[in-house]
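The chain contents come next:
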2 protein chains.
Amino acid sequence: MNPSHSGDDSDDSDDRTAQVDRTRTARRPESRYGNRPTMKDVAARAGVGLKTVSRVVNAEPGVTPETERRVREAIAALGFRRNDSARVLRKGRTASIGLVLEDLADPFYGPLSRAVEEVAREHGALLINGSSAEDPDREQELALALCARRVDGLVIIPAGDDHRYLEPEMAAGVATVFVDRPAGRIDADAVLSDSFGGARDGVAHLVAGGHRRIGFIGDRPRIHTAAERLRGYRAAMEDAGIPVDERWVSLGVTDPGRVRRAAEEMLSGPDPVTAVFTGNNRVTVTVLRVLAELDRPVALVGFDDIELGDLLRPGVTVVAQDAALLGRTAAERLFRQLDGAAAAPERIVLPTRLIERGSGELSPAPAR
Amino acid sequence: MNPSHSGDDSDDSDDRTAQVDRTRTARRPESRYGNRPTMKDVAARAGVGLKTVSRVVNAEPGVTPETERRVREAIAALGFRRNDSARVLRKGRTASIGLVLEDLADPFYGPLSRAVEEVAREHGALLINGSSAEDPDREQELALALCARRVDGLVIIPAGDDHRYLEPEMAAGVATVFVDRPAGRIDADAVLSDSFGGARDGVAHLVAGGHRRIGFIGDRPRIHTAAERLRGYRAAMEDAGIPVDERWVSLGVTDPGRVRRAAEEMLSGPDPVTAVFTGNNRVTVTVLRVLAELDRPVALVGFDDIELGDLLRPGVTVVAQDAALLGRTAAERLFRQLDGAAAAPERIVLPTRLIERGSGELSPAPAR
DNA sequence: TAGGGCCTGGACAACGTTGTCAGCCCCGGG
DNA sequence: CCCGGGGCTGACAACGTTGTCCAGGCCCTA
């Protein structure tokens with residue numbers, strides 16, 4: 001009667017195991033799931049076989065309405081809920097995918113994660129999320145932990161540049177798609193934004209506005225997107241026939257304090273830059289703060305859109321990438337892999353969009 | 001030799017199971033995990049017992065260095081990775097917690113989720129994330145799916161107001177903490193921001209600035225925080241002896257279009273409001289856009305901080321809540337429950353902070 | 001040299017579910 | 001009356017791991 005039988009289950013209706021010496025058997029480790037009822041319990045209570053309960057729970061055909069009613073009644077009375085851990089073990093698919101990203105708190109990754117989740121949901125899967133904090137070791141630790149959980153697939157925004165550690169996993173059938181940055185030293189699907197083209201367009205836009213001394217502040221070039229954006233900057237400058245003064249270029253700074261110093265540096269001195277191209281949303285925000293304190297207008301184009309960018313005066317001109325589309329594309333590709341439609345690894349590049357709002361259209365200060 | 005043996009495992013070194021008639025046995029469902037090696041495979045290859053492999057993998061004592069070396073070698077050669085699904089089934093703890101929130105793409109929830117993840121990580125747990133999209137059914141579906149996965153605990157930002165569906169789960173030992181909004185119709189831990197006090201302070205701030213006609217735009221009062229903030233608004237008005245004209249109050253609008261219309265409405269007519277209090281970050285952003293198009297200054301205080309709020313002119317005065325602290329507090333409470341230090345359900349209320357940046361300090365337009 | 005303890009390793013039974021297969025019952029047809 | 005067949009059911013063996021317990025082998029002491 002008592003749903004939460006605590007000690008030995010020397011209950012009735014258990015005549016099969018009665019002959020087994022239960023005292024020698026393994027004791028329950030700690031408290032388990034608080035002794036949740038199992039299908040066996042439900043079966044006993046409903047007076048049916050274990051498998052019949054399974055059939056009801058999984059809506060398999062071949063159960064009399066009357067039997068089904070009894071089973072459902074027992075399920076409700078006991079508060080039974082199927083243990084998906086056991087189900088997973090038996091079936092081999094976990095119906096969950098992992099997402100390793102850099103920092104969920106970054107406004108760029110929120111929408112991306114949400115998009116991945118939405119696609120997962122469409123496929124009946126749950127999403128396990130982990131932040132690498134831009135630390136390659138942590139990325140690996142996370143990704144492998146997810147593999148140990150036997151997620152069906154992984155969406156990874158890489159922090160490191162060597163992903164050979166994933167080779168055994170991928171060979172074993174873990175679908176894998178990289179987003180935002182490509183995989184390092186392995187061949188894998190990747191969904192990227194056109195960092196190079198976007199940055200080139202953004203810088204070209206500044207050039208077209210009459211600027212020649214243009215600064216670039218970006219992340220460590222070890223990060224693929226950062227390197228590509230830098231390359232785009234250089235390409236645009238070269239296209240315009242402007243030799244780059246290396247004092248205009250600041251790389252690898254990422255925390256607000258150092259970005260601020262870098263910006264202030266290239267904005268002071270005898271020949272300050274008249275425009276700045278910023279390599280990602282965090283840098284853009286910091287530079288905006290620096291520019292706000294300045295008494296002269298300095299043009300700015302940033303990579304990544306930023307919220308409220310349209311409300312600032314001037315509005316912030318950006319090279320926008322669609323984080324949600326990035327996530328959605330990657331997740332869809334992942335599930336295509338899982339559905340067996342596995343083509344050769346591919347690199348999908350999504351276009352960026354230049355949004356003119358004012359800050360990128362400021363003219364350079366009159367010469368001298 | 002070949003790590004990925006594909007067909008039947010009629011390999012060598014499998015003399016124990018050789019006597020079993022494998023033809024009658026269940027066929028492998030589909031492809032499983034792409035036939036990953038198991039501890040048994042490792043044991044066979046290393047020439048040791050199954051349990052010895054387990055001991056090595058779990059760093060249990062009682063294995064000779066030499067034996068351990070052989071086992072590790074076999075693990076590396078086979079590309080073995082422990083199947084945590086099976087482990088979970090056996091051990092009863094999944095070392096994962098679930099987080100049900102409204103929308104990961106909302107800048108308020110990103111940091112919250114990250115904070116929860118960080119605490120989970122400190123406790124060696126992974127985080128499974130789900131967005132309810134503010135739909136009670138979806139919240140329930142998600143929460144129960146997580147329970148079926150046997151997450152050790154749940155952090156829930158409720159969308160619905162009846163959580164009795166969780167009672168069996170909680171009784172069965174699923175640790176549960178509600179965040180941002182309290183649970184409905186059950187007794188459970190909750191970590192909240194002081195919505196009432198924050199809103200009252202914010203509105204009082206406007207009153208102190210000389211405003212009397214103050215608008216309030218908030219979410220559906222069915223949502224606890226929205227109701228509390230409305231209550232704070234009314235309390236502040238009453239404290240100031242200002243009777244509230246119901247045309248100043250707009251509830252339940254949440255999409256930008258309708259917020260815009262509501263704002264425009266209370267800002268037009270013969271006796272427009274001179275100040276607006278907005279009930280959450282999304283409303284604030286929309287109202288900011290409306291105010292930007294206006295030719296006269298209107299004071300604004302918003303609940304929730306918004307990024308770049310300091311860079312707008314005027315800066316946006318807000319009642320800020322600490323999303324990360326909210327998440328961290330909730331997660332810590334969750335793990336305290338899991339550690340058995342389960343006190344009676346408690347409601348923890350975190351203070352809010354009024355940040356003056358200009359928009360809330362604008363004077364009302366000179367009368368008439 | 002015998003006895004007792006420690007160390008190492010392995011057999012075995014769980015954990016809770018699902019796939020397979022073999023019964024049982026009942027019906028209809030020969 | 002018997003047999004075949006079709007619904008329903010339930011027994012049973014996996015899935016891959018860990019807890020328990022026992023069997024040796026070794027070393028140390030008496």
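Keep in mind the model is a prediction, meaning the values are calculated, not measured.

The rules behind the values
- Residues numbered from 1 in each chain as written.
- Chains lettered and ligands numbered in written order.
- Predicted model: local features only at pLDDT ≥ 70, side-chain atom pairs only at ≥ 80, totals over all residues.
- Heavy atoms only, no water.
- Helix = DSSP H or I, 4+ residues; strand = E, 2+ residues; numbered from the N terminus.
- Buried < 20%, exposed > 50% of the residue type's maximum accessible area, 1.4 Å probe, protein only.
- Salt bridge = Lys/Arg side-chain N within 4 Å of Asp/Glu carboxyl O.
- Polar contact = N/O pair within 3.5 Å; in protein donor to acceptor, adjacent residues only side chain to side chain.
- Contact = heavy atoms within 4.5 Å.
- Least-squares fit on C-alpha atoms with pLDDT ≥ 70 in both.
- Buried area = accessible area lost by both parts, 1.4 Å probe.
- Nonpolar A, V, L, I, M, F, W, Y, C, P; charged D, E, K, R; others polar.
- Pairing = 2+ DSSP bridges.
- Axes fitted to C-alpha atoms, helices over the stretch in contact; angles between N-to-C directions.

**Topic: unusual backbone geometry**
Reasoning step 1: A cis amide bond, omega -5 degrees, links R313 of chain A with the succeeding residue P314 of chain A.
Reasoning step 2: Position of P314 of chain A relative to the elements: it lies in the loop between β9 (299-303) and β10 (317-320).
Reasoning step 3: Its identity as a non-glycine residue notwithstanding, R150 of chain A has a phi of 60 degrees, on the positive side.
Reasoning step 4: Along the chain, the position of R150 of chain A falls in the loop between α6 (136-148) and β3 (153-156).
Reasoning step 5: Judged by relative accessible area, R150 of chain A falls into the buried class, the value being 4%.
Reasoning step 6: Of note in this structure, R185 of chain B is not a glycine but carries a positive phi near 65 degrees.
Reasoning step 7: In this structure, R185 of chain B sits in the loop between β4 (175-179) and β5 (189-193).

**Regarding the pattern of salt bridges**
Any two side chains of opposite charge can pair, so long as their charged atoms come close to each other.
Reasoning step 1: This model, assessed by the stated rule, comprises 69 salt bridges over all chains.
Reasoning step 2: As a salt-bridge pair, E346 of chain A and R333 of chain A come within 3.0 Å of each other at their nearest N and O atoms. Note that E346 of chain A is positioned in the loop between α12 (323-338) and β11 (347-350) and R333 of chain A in helix α12, a separation of 13 residues in sequence.
Reasoning step 3: By relative accessible area, which is 38% here, E346 of chain A ends up partly exposed.
Reasoning step 4: Taking relative accessible area as the criterion, R333 of chain A reaches 11% and is therefore assigned buried.
Reasoning step 5: Residue E102 of chain B pairs with R181 of chain B through a salt bridge whose shortest N-O separation is 3.9 Å. Of this pair, E102 of chain B sits in the loop between β1 (96-101) and α5 (109-122) while R181 of chain B is found in the loop between β4 and β5, placing the two residues 79 residues apart along the sequence. Just as E102 of chain B is buried, R181 of chain B falls in that class too.
Reasoning step 6: Each member of the salt-bridge network shares a partner with another, and the members are E102, D106, E134, D180, R181, D219, R220 and R282 of chain B.

**Let's talk about the side chain of R36 of chain B**
Reasoning step 1: Relative to the helices and strands, R36 of chain B resides in the segment before α1 (39-46).
Reasoning step 2: Within polar-contact distance, the side chain of R36 of chain B engages the side chain of E169 of chain A at 2.7 Å.
Reasoning step 3: Beyond its immediate sequence surroundings of up to four residues, R36 of chain B is in contact with R150, E169, A172 and V174 of chain A together with D41, G79 and R81 of chain B.

**Focus: the relation of the copies chain A and chain B**
Reasoning step 1: The transform that puts chain A on chain B rotates by 180 degrees and translates by 0.0 Å along the axis, for an RMSD of 0.1 Å. Accordingly, the operation relating the two chain copies is best matched by a two-fold axis. Among all C-alpha atoms of chain A, that of I128 of chain A lies closest to the rotation axis, at 2.1 Å.
Reasoning step 2: The overlap is high: 98% of the interface residues of chain A also sit at the interface in chain B, so the same surface is used on both sides.

**Re the interface of chain A and chain B**
Reasoning step 1: Counting from both sides, the interface comprises 62 residues of chain A and, opposite them, 61 residues of chain B.
Reasoning step 2: Carbon and sulfur atoms make up 51% of the area that chain A and chain B hide from each other, which totals about 5,900 Å².
Reasoning step 3: Along the contact surface separating chain A from chain B lie 14 salt bridges.
Reasoning step 4: For R36 of chain B, the salt bridge is made with E169 of chain A, and the minimal N-O distance between the two is 2.7 Å.
Reasoning step 5: On the surface where chain A and chain B come into contact, there are 23 residue pairs in polar contact (both at pLDDT 80 or more).
Reasoning step 6: Taken together, the elements giving at least two residues each to the side of chain A that touches chain B come down to α4 (84-91), α5 (109-122), β2 (126-131), α6 and α11 (281-293) of chain A.
Reasoning step 7: Looking at which element gives the most residues to the side of chain A that touches chain B, the answer is α6 of chain A, with eight residues.
Reasoning step 8: A per-class count over the side of chain A that touches chain B returns 30 nonpolar, eleven polar and 21 charged.
Reasoning step 9: When β2 of chain A meets strand β2 (residues 126-131) of chain B, the two strands line up antiparallel, connected through three bridges.

**Brief notes about the sheet that holds β11 of chain A**
Reasoning step 1: Spatially, the twelve strands line up as an open sheet ordered β11(A)-β5(A)-β4(A)-β3(A)-β1(A)-β2(A)-β2(B)-β1(B)-β3(B)-β4(B)-β5(B)-β11(B), and their pairing is mixed. Of all the strands in the sheet, just β11 of chain A together with β11 (347-350) of chain B have a single pairing partner and so form its edges. The mean inter-strand angle of the sheet, taken between neighbouring strand axes irrespective of direction, is 20 degrees.
Reasoning step 2: Pairing analysis gives six bridges linking strand β1 (residues 96-101) of chain A to β2 of chain A, with the strands arranged parallel.

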